[in-house]
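# Descriptive analysis of the structure
So the chains spell out like this:
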Amino acid sequence: MNQSLQTRGRVVILLVAVLLLGSVGTGAVLYASDRSARKDQVQPGGPVVTRGPVSLQASATGRQLVFRNMAWGPHRDELATVPADHPDGPRTASGVQCLRFHAAAGTGVCLQAERGALQDSYRAVVLDDRLRELRSFPAAGIPTRSRVSPSGHLAAWTVFVSGDSYAGTAFSTRTSIVDVRDWNLRDNLEAFDVIKDGRPYQAPDLNIWGVTFADDNVFYATVATGGQTYLVRGDLGARTLTTLHQNVECPSLSPDGTRIAYKKRVPGLPDDSPWRLYVLDLATMTETATGEQRNIDDQAVWSDASTLLYALPGDFGADLWTVPAAGGGEPRRLLEAAVAPAFLG
């Protein structure tokens, strides 16, 4: 009799445990569903976002800032614009969604997700000045970086083939460059010849990311190998990558072509937040720390010859901040709920 009661007790406990687990699971699903639904609702006090025409050409009304809008509401994740001199003004949303984006001279590159029943896929889309698709290319993994050359003739993008963060070492990237004039695609820059310390270099662990263009032939990027990262100067015609400086990630070339803004791993910082924003003088290889003391996991944009723009985590995903490139000064939040910026004009 006692054994029967014990058995019944165990069954009751098991049933209660199953019900509790089911309740927790249901609650988690409902919470996720509710949070997802709330992202489609405009948050009180958030930016004003309305649908309208968006162009990648310079505007007669002044310089524009285009970016991925992160504000909750029906236009979340769409490309949007604001006047560069009034970034807190109403946003015009395009209807075009991008995970990563960049533009120059009327050409845009938009990295998109295509939602599947079992697994998402990704593609890189080249856009014209009216955000119409010109050509798309399958992307081998999760989008992470994109750039267009100053002329608008070249577009580059980087994806994670495996892994989802630069912080550790267990990741693999693929970086591609396409010439939009003839659609000549360099699908994987790892096929280029690497010249390290003046000598040809080969290694099975090469990773390349973060292209920034000087012109239609010369570019800069990061190469990782042997547990180290290097700034490299790329030559499209010669198909070479030449190392210039160590401990440089996600470079961004200044408008005059003399300096590189980048994130640098600083010894002694936590493994999951190791980067600070620096500027490198290409003539002297002198490094200057900016006044931004927080962890930067972004490829900065030069808003002008003296100011850097970059993303940091925010209440609705990310905010855009500025800091002087020459060092010192105080970081300033420029735009709430925004990421992946580019200046037009």
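Residues numbered from 1 in each chain as written. Predicted model: local features only at pLDDT ≥ 70, side-chain atom pairs only at ≥ 80, totals over all residues. Heavy atoms only, no water.

### A look at the packing of aromatic side chains
Ring pairs (aromatic) are described by centroid distance and by the angle formed between their planes. Going by this rule: Each pair of aromatic rings taken from Phe, Tyr and Trp, with Trp reduced to its six-membered ring, is defined by centres within 6.5 Å and is described as stacked if the planes are under 30 degrees apart, edge-to-face if over 60, and tilted in the remaining cases. Burial status follows relative accessibility: with a 1.4 Å probe on protein chains alone, a residue under 20% of its type maximum counts as buried, one over 50% as exposed, and anything between as partly exposed.
Scanning all chains against the criterion turns up five aromatic pairs. Measuring from ring centre to ring centre gives 6.5 Å for F213 and F219, while their planes differ by 65 degrees; the resulting arrangement is edge-to-face. Accessibility expressed as a relative area gives 6% for F213, which makes it buried. Since its relative accessible area comes to 0%, F219 is described here as buried. Among the aromatic side chains, those forming a connected cluster through ring pairs are F137, W157 and W183.

### Concerning the pattern of salt bridges
Test applied: The salt bridge criterion pairs a side-chain nitrogen of Lys or Arg with a carboxyl oxygen of Asp or Glu, the two atoms within 4 Å. Helix and strand definitions here come from DSSP, where helices need a minimum of 4 consecutive H or I residues and strands a minimum of 2 consecutive E residues; each element is numbered from the N-terminal end.
Evaluated as defined, the whole model comprises 17 salt bridges. A salt bridge links R145 to D297, with the shortest nitrogen-to-oxygen separation between them at 3.3 Å. You can see R145 sitting in strand β9 (residues 142–148) and its partner D297 sitting in the loop between β22 (287–289) and β23 (301–304), a full 152 residues away along the chain. The class for D297 is partly exposed, based on a relative accessible area of 34%. Of the charged contacts, one joins R294 and E292 as a salt bridge, the two residues approaching to 2.8 Å between their closest N and O atoms. Given a relative accessible area of 35%, R294 falls into the partly exposed group. Under the relative-accessibility criterion, E292 is labelled buried at 2%. Several salt bridges converge on common partners, so that one network encompasses E114, R123 and E133.

### Re the side chain of T240
The condition that has to hold: Whether two residues are in contact is decided by their heavy atoms, any of which lying within 4.5 Å being enough.
You can see T240 is positioned in strand β18 (residues 240–246). When neighbours within four sequence positions are excluded, T240 is seen to be in contact with F192, D193, I195, R233, G234 and D235.

### Description of the sheet that holds strand β7 (residues 121–127)
Rules: Strands pair, by our definition, only if DSSP identifies at least two bridges between them. Think of each axis as a best-fit line through the C-alpha atoms, taken over the contacting stretch in the case of a helix, with angles from 0 to 180 degrees between the N-to-C directions.
Strand order in this open sheet of four strands is β5-β6-β7-β8, and the pairing throughout is antiparallel. Only two strands of the sheet have a single neighbouring strand rather than two, namely β5 (100–104) and β8 (133–139). With strand direction ignored, the average angle separating the axes of adjacent strands in the sheet is 20 degrees. Alignment of β5 against strand β6 (residues 107–114), held across five bridges, turns out to be antiparallel. Looking at β6, one finds that A103 is bridged to G108.

### Brief notes about the sheet that holds strand β19 (residues 249–253)
The strand order across the open sheet formed by four strands is β19-β20-β21-β22, and the pairing between neighbours is antiparallel. Here the strands that pair on one side only, and so sit at the sheet edges, are β19 and β22. Averaged over all adjacent pairs, the angle separating strand axes in this sheet is 30 degrees, with direction ignored.

### What to know about the nonpolar core
It is characteristic of soluble globular proteins that their nonpolar side chains tend to be buried jointly. To be explicit about the condition: Each nonpolar core is a collection of buried residues, namely Ala, Val, Leu, Ile, Met, Phe, Trp, Tyr and Cys, held together in the definition by side-chain atoms within 4.5 Å.
Formed by 34 residues in total, the largest nonpolar core has its most connected members in L65, L79, F101 and L127. Elements with a contribution of two residues or more to this core: β2 (64–69), β3 (78–83), β5, β7, β24 (307–314), β25 (317–324), β26 (332–335) and β27 (338–344). Sorting elements by how many residues they give to this core places β27 first, with six residues. Setting aside residues no more than four positions away along its own chain, L127 makes contact with L79, V96, F101, G106, T107, G108, C110, R132, E133 and L134. Counting residues in each nonpolar core, the second largest holds 16 residues, with V194, F213, A221 and L236 among its members.

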